Every structure is written in C-alpha cells, then in structure tokens.
Amino acid sequence: MTAAHSAHNYHPLPVVVAEGEGAWVTDVEGRRYVDFLAGYSALNFGHRHPALVAAAHRQLDRVTLTSRAFGNDQLGPFCAELSGLLGKRMVLPMNTGAEAVESGLKVARKWGYEVKGVAPDRARVVVAAGGFHGRTISIVGFSTDPEARGGFGPFTPGFDVVDYGDAAALASAVTPDTVAVLVEPVQGEAGVVVPPPGYLAAVRRTCDAAGALMIADEVQSGLGRTGHLLATRAAGVDADVYLLGKALGGGVLPLSAVVADADVLGVLRPGQHGSTFGGNPLACAVGREVITLLADVGPEGVLARARDLGAVLRARLTDLVGRGVVGLRCAGLWAGVDVDPAVGTGREVSEGLARRGVLVKDTHGSTVRFSPPLVVTEDEIAVAVAALGEVLANGV
Ligand SMILES: *Cc1c(COP(=O)(O)O)cnc(C)c1O
C-alpha cells in the first residue's frame, strides 16, 4: 500500500477500492464487496447513482465554481428546492458536516444575542454526551470521547453536556442564557443509539419553555437513512434548525446545509459568515438531483425502500440475537450491532466480514454498524447478514 505519506488519522480496513457501482465496490485486485457502510451515509443513493452522475456531468460542462463573490444559476434553485423539501424558509449552504454544525452554532449564538436578548458573550448551548458532530476544535471541545478531544485544547467555552436520552437532565441544564440545544435525533457514531420514546418531544418542550433553539444534527440520520426525510420529523417533532450533510452531496462531492426559518438564519448579514466553496454550482447541481430523489414519496422512492428494507434488515439481524449478537438497535436501514466481546472486537468482526466480501465499520468496542446504500436489495441484505452469522458461528 502507499499509505506512508498520508497522515495516520485513520485505521482503514485493508481494502483498497478502485471502483464502485450501486451497493458494490471492487478493489484493486478485482475482488468485489457489498458496501454496508456507504461512506457513513454519504452514499445513501449508492455509488455513482446514474441521475447524480449525469447531473454532475451536465454541470461540469457548464461552470463548476464561482465563489459567492458572484451569483450562480444553481444556488438559488438549490436553496429554494431544499427549503421547499423541508418546509423551512432559508438555507445556508456549506461543504462538510462539521461546517454545518459550526455554522449552526454561530447562527444560534447570534440569534441569542440579537433576538433572545442574551447579554454579550454569555450564550450557552446544551449538547448530549456520546454525540458526534465533527472534528473542529469547538466541536471536539464538547465531545465526551477522550480520543476525539485529547491533546486538542484549549477549547471553546459555552457548552453544557448532559446524558443523551435523559429529558430531565436536559431540562435542568437549561438556563436563561441557553440559546440552543444541539442533538442528534439518533446518535450515529455512538452506534445507532435511538433515544427513548418521547425524548425528542421533551427536547422540543424544553426549548420552547426556555426560548432556546432546537438544533437537530441530521447530517447522518437525515435524508433517508431512517426511512424518513428527517428522523426528528419521524418522531413527530419539528426542530428550529436542521443540519444536513453527507448524503446531500450524493456521494459525489461535499455539500452541507443549515436549514431554518428567516427569523433564525436571517441574523446573518453580508460579511458575517461564508465559505469559498459553499453553494458552488457543481455541488448545488448534484444537490438538486438529490432533492429530486428524496422528493419521490411513492412506493418505489428511496424513503419507502429504506423503510421496507429496514424492516428486512432488522428481522434478519434479530435472528442473530442470542447467537453472538448481544445488542441490536435499528432505525430504518441503519443498525448498530453489539457483538459478544468473546467473538472479537468490532474491528476484528469488521475484518472478518471484509474477508467474506462485506464492508462495515466498527464504532466503539464490539459494535459494528450496518448502513447500506438505500438502493441495496433484499438479497444483498441476506448475503451481508449471513456473512455476519458465519463470523459469529465460526469466529472472525
Ligand atoms: C459525520 C457527521 C458530522 C460531520 O460531518 P463531516 O462531513 O465529516 O464534517 C456531523 N454530525 C454528524 C451527526 C455526523 O454523523
């Protein structure tokens, strides 16, 4: 491998991908794998979805980058179509998920000072333990993962961490200076941790009572992963601010967004926030095609597929509970599988699955995550779960 010159900030499985199509990738030796990680949900529509690749090609032949110093003819339609899809009024386009989170936090602070009337430099944001929101200094500063934050201080002040899923702890952490609560509706990197029923509704009530913004980080949970456009809405709750990323760029390029109403995003005025690449025409053209795919709410659409196939995935994995699987959490086409530590670490299980032609990634300890592209078939799910069954029965 030629990894000697890349920083060692990842510990990849020993698979070197050369090509991808749909739910499958082929490595440099011609071996095929079914991809049950899907770029941590950036590849919700699979590798090289024909409509997304075609949109990228069309735009490559027109114009790719303008910077925001000028307008471009994809930005306006992208923002209009995304705000229409989510039923909010405004979109702030950025590139990566971490940027969307940072931007959402900046907007919440400014909103806190200008609209809520918090005294200067007093704004606080409540976040949940075990969460994952990206890798910037501010974000890792409120992470509870020692690996993520260790050695990177000093950190940005103004964050209060409470246990995820504990509505009472959240309510008691909120003060008059709280401008926002930032929460994942399902904690992805933590291992697909689904909060107790009623938790998100309780977060909503706490925010309403405190006059704080509810910010839903749907970078991984949103755009179809749970079988719904937004996991928050699936729980019957509407956040004030949605953070999107990963799948928004269709697995083609980075594209993220902060989506909210004008009373919130309207606090940003010219010169106060920006990004050279944010809202570039190439990303927006692909994003518009992603929106078109998501807008199909029919029985053949990606959302319905994710719900139907999610039920298949859950049923098949449930068969392994007690046969090496000691914990299982599912949300749509998304599963956190805790393997009996006697079988192996999550890493060893992932390596065992890779040897059997199935790509997944461990999260913490002995947990592996299954998040296939939403275009996966029932047969491919059967193949992947059978491979896990084999690892559990015969060892990694
Ligand atoms: C991946 C992720 C992010 C960060 O996205 P990047 O594009 O890697 O910066 C933020 N929030 C959640 C919930 C994520 O899963």
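The following paragraphs examine the structure supplied in this document. Values in this document were obtained by computation on a predicted structure and should not be read as measured data. (Residues numbered from 1 in each chain as written. Predicted model: local features only at pLDDT ≥ 70, side-chain atom pairs only at ≥ 80, totals over all residues. Heavy atoms only, no water.)

**Points about the overall build of the protein**
Keep this limit in mind: A helix here means a DSSP run of H or I that spans at least four residues, while a strand means a run of E at least two residues long, and both kinds are numbered starting from the N terminus. A radius of gyration in this sense is built from C-alpha atoms; the matching globule rule multiplies 2.2 Å by the number of residues raised to 0.38. For the exposure calls, accessible area comes from a 1.4 Å probe over protein chains only, and a residue counts as buried if that area is under 20% of its type's maximum, exposed if over 50%, partly exposed in between.
If you tally the helices and strands in the protein, you get 13 helices and 15 strands. Taken against the 2.2 N^0.38 rule, which gives 21 Å for 396 residues, the C-alpha radius of gyration of the protein at 21 Å falls within 12% of a compact globule. Overall, the protein is about 60 × 55 × 45 Å in size when its C-alpha atoms are taken along their principal axes. Residues classed as buried in the protein amount to 54% of the 396 residues present.

**Some thoughts on the packing of helix α11 (residues 302–318) against helix α13 (residues 378–394)**
Put simply, the rule reads: Angles here are taken between N-to-C directions and fall from 0 to 180 degrees, while the axes themselves are lines fitted to C-alpha atoms, restricted in helices to the stretch in contact. Angle categories are assigned with fixed cut-offs, so that under 35 degrees is roughly parallel, over 145 is roughly antiparallel, 65 to 115 is roughly perpendicular, and the rest are oblique. Take the far helix as the reference: if the near one is turned anticlockwise from it by less than a right angle, the crossing is left-handed, and if turned clockwise, right-handed. Here, residues are in contact when the closest pair of their heavy atoms is within 4.5 Å. When residues are sorted by character, Ala, Val, Leu, Ile, Met, Phe, Trp, Tyr, Cys and Pro go into the nonpolar class, Asp, Glu, Lys and Arg into the charged class, and all the rest, Gly among them, into the polar class.
Orientation of α11 relative to α13, taken along the N-to-C sense of each, is 25 degrees, at an axis distance of 10 Å. Taken as axis vectors, α11 and α13 run roughly parallel relative to one another. Crossing hand, α11 versus α13: right-handed. Within the contact between the two elements, α11 uses L309, V312, L313, R316 and L317 and α13 uses E378, I381, A382, V385 and L388. Tallied by class, the residues present in the contact of α11 with α13 amount to eight nonpolar, no polar and two charged.

**Here we look at the sheet that holds strand β15 (residues 367–370)**
How we decide: Two strands pair under a simple rule: DSSP has to find at least two bridges between them.
Taken together, four strands build an open sheet; the order of strands is β11-β12-β15-β14 and the sheet is antiparallel. One side of each edge strand has no neighbouring strand; the edge strands of this open sheet are β11 (325–330) and β14 (361–362). Where β14 meets β15, two bridges bridge the pair, whose relative direction is antiparallel. When the sheet's bridge partners are listed, K361 is paired in β15 with R369.

**Concerning the site of the ligand**
Under the convention used in this document: By convention in this text, a residue qualifies as near a molecule or strand provided that one of its non-hydrogen atoms is within 4 Å of it. Any pair of nitrogen or oxygen atoms within 3.5 Å is treated as a polar contact; in protein, a donor-acceptor pairing is required on top of that, and neighbouring residues in sequence qualify only through side-chain atoms on both sides. Working definition of accessibility: Shrake-Rupley area with a 1.4 Å probe, residue cover restricted to the visible protein chains.
Contacts to the ligand come from T96, G97, A98, F132, H133, G134, E184, D217, V219, Q220 and K246. A98 places a main-chain nitrogen or oxygen 2.8 Å from an oxygen atom of the ligand. The contact in question runs from a nitrogen atom of the ligand to an N or O atom on the side chain of D217, over 2.7 Å. Contact with the protein chains hides 82% of the accessible area of the ligand, taken as 380 Å² for the molecule alone. In the shell around the ligand, the residues fall into three nonpolar, five polar and three charged.

**Looking at the pairing of strand β4 (residues 90–94)**
Most of β4 sits out of view: four of its five residues are buried. Alignment of β4 against strand β10 (residues 256–260), held across five bridges, turns out to be antiparallel. In the sheet register, L92 faces β10, and the bridge partner there is V258.

**Notes on α11**
Stated formally: For a helix, the expected span equals 1.5 Å multiplied by the residue count minus one.
Relative to the 24 Å expected for 17 residues at 1.5 Å per residue, α11 spans 23 Å between its end C-alpha atoms, a close match to the ideal helical length. Taken as a whole, α11 has its buried residues at V302, L303, A304, A306, L309, G310, V312, L313 and L317. At its buried positions, α11 is contacted by α10 (281–295), β11, β12 (335–339), β15 and α13.

**Details of the side chain of D362**
The topology assignment puts D362 in strand β14. Judged by relative accessible area, D362 falls into the buried class, the value being 15%. Among the polar contacts listed, one links the side chain of D362 to the side chain of K361, at a separation of 3.3 Å. Every residue in contact with D362, bar those within four places of it in the chain, is listed here: G346, R347, S350, T367 and V368.

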